[in-house]
Amino acid sequence: MSDAQQPQLAPPERMAPEKTPFWGYNDLLLFIGLAPVCLLAGYALVKLPLSIFHVHPSTEVEEALPEQLLGYLFLFGALGLIFRQIYDRPFWESIGWTRMRMPFGAVVCFGVLTGLVVVVASNLIRLPDTANPMTDLMNTRTAVLLMAIFGTTAAPLCEELAFRGFLQPLLVRSVGAAPGILLAAIPFGLLHYQEYGNSWRHVLIISGAGAAFGVMRQVTGSTKAAALMHASYNALFFLAMLSDRKDLPQTW
């Protein structure tokens, strides 16, 4: 058979590039719907044994923190199950928990610097310094210490996984880096609205800090870097609080 008579082979089809991130807004809606269910489950698993055995923690924080921690574990466990069962993907790598493209010390310094900028901005907008659910929780040095441990470990980890690891990449894919970072920072600020006494100025300040964490996530490509920056930011305020509130009664 001559070359002219040989059948022409069709060129191989090019595979469409994979979307990054691979999840979509349906998954986001499912995550939002699961959040109250998981947090309620955490509340029940702590509250019921305490009620049955008539255990009364000495501070409200000793009950609230385990409830929230269990809720977070259920929520991110569910998200990990979605990633594995629907997309056959690992959780940590997918959510951006990867090597930081910035030295550890530099990330910590950016967290502290963000905290100092927030202090200046808070004075400029006259941030209200009144009693609120957050300050009511921290009415003893023990409570402040427990909140400090939680606020520099589990809280920044879980908040960054949700907002900078899961939500921000989806928004950045849809609307671009700068708008996506800002849009992810807004619900992050709103999350703290009630706990700071329904203060919109607190929401504004915390949203600004969230945007800074979002920039770190975008620049380094690492949710781990954003979580470390967030933990350093929180640590600055807890250290200031512990050093400034020596008058608090001790419960240990």
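Described in the following lines is the structure provided in the data block. Because the structure is predicted, anything quoted here is derived from the model rather than measured.

Parameters at a glance
- Residues numbered from 1 in each chain as written.
- Predicted model: local features only at pLDDT ≥ 70, side-chain atom pairs only at ≥ 80, totals over all residues.
- Heavy atoms only, no water.
- Helix = DSSP H or I, 4+ residues; strand = E, 2+ residues; numbered from the N terminus.
- Buried < 20%, exposed > 50% of the residue type's maximum accessible area, 1.4 Å probe, protein only.
- Contact = heavy atoms within 4.5 Å.
- Polar contact = N/O pair within 3.5 Å; in protein donor to acceptor, adjacent residues only side chain to side chain.
- Core = buried A, V, L, I, M, F, W, Y, C linked by side-chain atoms within 4.5 Å.
- Salt bridge = Lys/Arg side-chain N within 4 Å of Asp/Glu carboxyl O.
- Axes fitted to C-alpha atoms, helices over the stretch in contact; angles between N-to-C directions.
- Parallel < 35°, antiparallel > 145°, perpendicular 65-115°, else oblique.
- Left-handed = near helix turned anticlockwise from the far one by under 90°.
- Nonpolar A, V, L, I, M, F, W, Y, C, P; charged D, E, K, R; others polar.
- Expected span 1.5 Å × (residues − 1).
- Bend = angle between axes of the 7 residues up to and from the residue.
- Phe/Tyr/Trp six-rings, centres within 6.5 Å; stacked < 30°, edge-to-face > 60°.

## A closer look at the overall build of the chain
A tally of regular secondary structure across the chain gives 10 helices and 0 strands. The order of α-helices and β-strands along the chain, N terminus first, is α-α-α-α-α-α-α-α-α-α. Across the 252 residues that make up the chain, the buried fraction comes to 41%. Considering only residue pairs separated by 6 or more positions, the chain has 78% of its internal contacts joining residues 24 or more positions apart.

## Quick notes on the environment of Arg201
With respect to the secondary-structure elements, Arg201 resides in helix 9 (residues 200-220). If sequence neighbours within four positions are ignored, Arg201 has contacts with Ile125, Arg126, Leu127 and Pro128. At a separation of 2.9 Å, a polar atom in the side chain of Arg201 contacts the main-chain carbonyl oxygen of Arg126.

## Points about the nonpolar core
Judged by nonpolar contacts, the single largest core of 48 residues is most densely connected at Phe76, Leu79, Phe83 and Phe166. At the level of secondary structure, the elements contributing two or more residues to this core comprise helix 1 (25-52), helix 2 (61-87), helix 4 (104-124), helix 6 (141-151), helix 7 (154-175), helix 8 (177-191), helix 9 and helix 10 (223-244). Broken down by element, this core gets its largest block of residues, 10 residues, from helix 7. Once residues within four sequence positions are removed from consideration, Leu79 is found in contact with Phe31, Phe91, Ile95 and Phe166.

## Some words on the pattern of salt bridges
When the charged atoms of two side chains with opposite charge come close together, those side chains can pair. Per the stated rule, a full pass over the model turns up 3 salt bridges. Asp88 is paired through a salt bridge with Arg84; the nearest N and O atoms lie 3.5 Å apart. The closest approach of N and O atoms between Arg164 and Glu160, which form a salt bridge, is 2.7 Å. Here Arg164 pairs with Glu160, and both are found in helix 7, just 4 residues apart, close to one helical turn. Overall, the relative accessible area of 0% leaves Arg164 in the buried class. By relative accessible area, Glu160 is classed as buried at 0%.

## A look at the packing of helix 4 against helix 9
A pair of packed helices is captured by two measures, namely the crossing angle of their axes and the spacing between those axes. Closest axis-to-axis distance for the helix 4/helix 9 pair is 10 Å, and the angle between their directions is 155°. Looking at the two axes, helix 4 sits roughly antiparallel to helix 9. Here the hand of the crossing between helix 4 and helix 9 comes out right-handed. Counted together, Val107, Phe110, Thr114, Val118, Ala121 and Ser122 of helix 4 and Ile205, Ala209, Ala212 and Met216 of helix 9 form the full contact between these two elements. Taken together, the residues that form the contact of helix 4 with helix 9 break down as 8 nonpolar, 2 polar and no charged.

## Concerning helix 7
Counted at 1.5 Å a residue, the expected span for helix 7 with its 22 residues is 32 Å, and the 30 Å between its end C-alpha atoms agrees. Of all the bends found along helix 7, the most pronounced is centred on Gln168 and spans about 40°, while Pro169, a proline, follows it within four residues. Burial runs high along helix 7: 18 of the 22 residues are buried. Trailing helix 7 by a residue or two, Gly176 shows a phi angle of about 105°, which is positive.

## Examining the environment of Arg173
Checked against the element boundaries, Arg173 lands in helix 7. Taking relative accessible area as the criterion, Arg173 reaches 30% and is therefore assigned partly exposed. Between the alpha carbons of Arg173 and Thr20 there is a distance of 7.2 Å; along the sequence they are 153 residues apart. Residues in contact with Arg173, not counting those within four places in the same chain, are Lys19, Thr20, Pro21, Trp23 and Gly24.

## Observations regarding the packing of aromatic side chains
Here a ring pair, both rings aromatic, is described through the centre-centre distance and the interplanar angle of the planes. Inspection of every chain in the model, using the stated rule, returns 17 aromatic pairs. Plain terms: the ring middles of Phe22 and Phe83 are 5.2 Å apart, the flat faces sit at 70° to each other, and that makes the pair edge-to-face. Highlighted residues: Phe22 in the segment before helix 1 and Phe83 in helix 2, separated in sequence by 61 residues. Side by side, Phe22 and Phe83 carry an identical accessibility label, which is buried. Pairing Phe188 with Phe213 gives two aromatic rings, centres 6.3 Å apart and planes at 75°, and the pair type is edge-to-face. Note that Phe188 is positioned in helix 8 and Phe213 in helix 9, a separation of 25 residues in sequence. A relative accessible area of 2% means that Phe188 is categorised as buried. Taking relative accessible area as the criterion, Phe213 reaches 0% and is therefore assigned buried.

So far we have only geometry, and geometry alone does not tell us how the molecule works.
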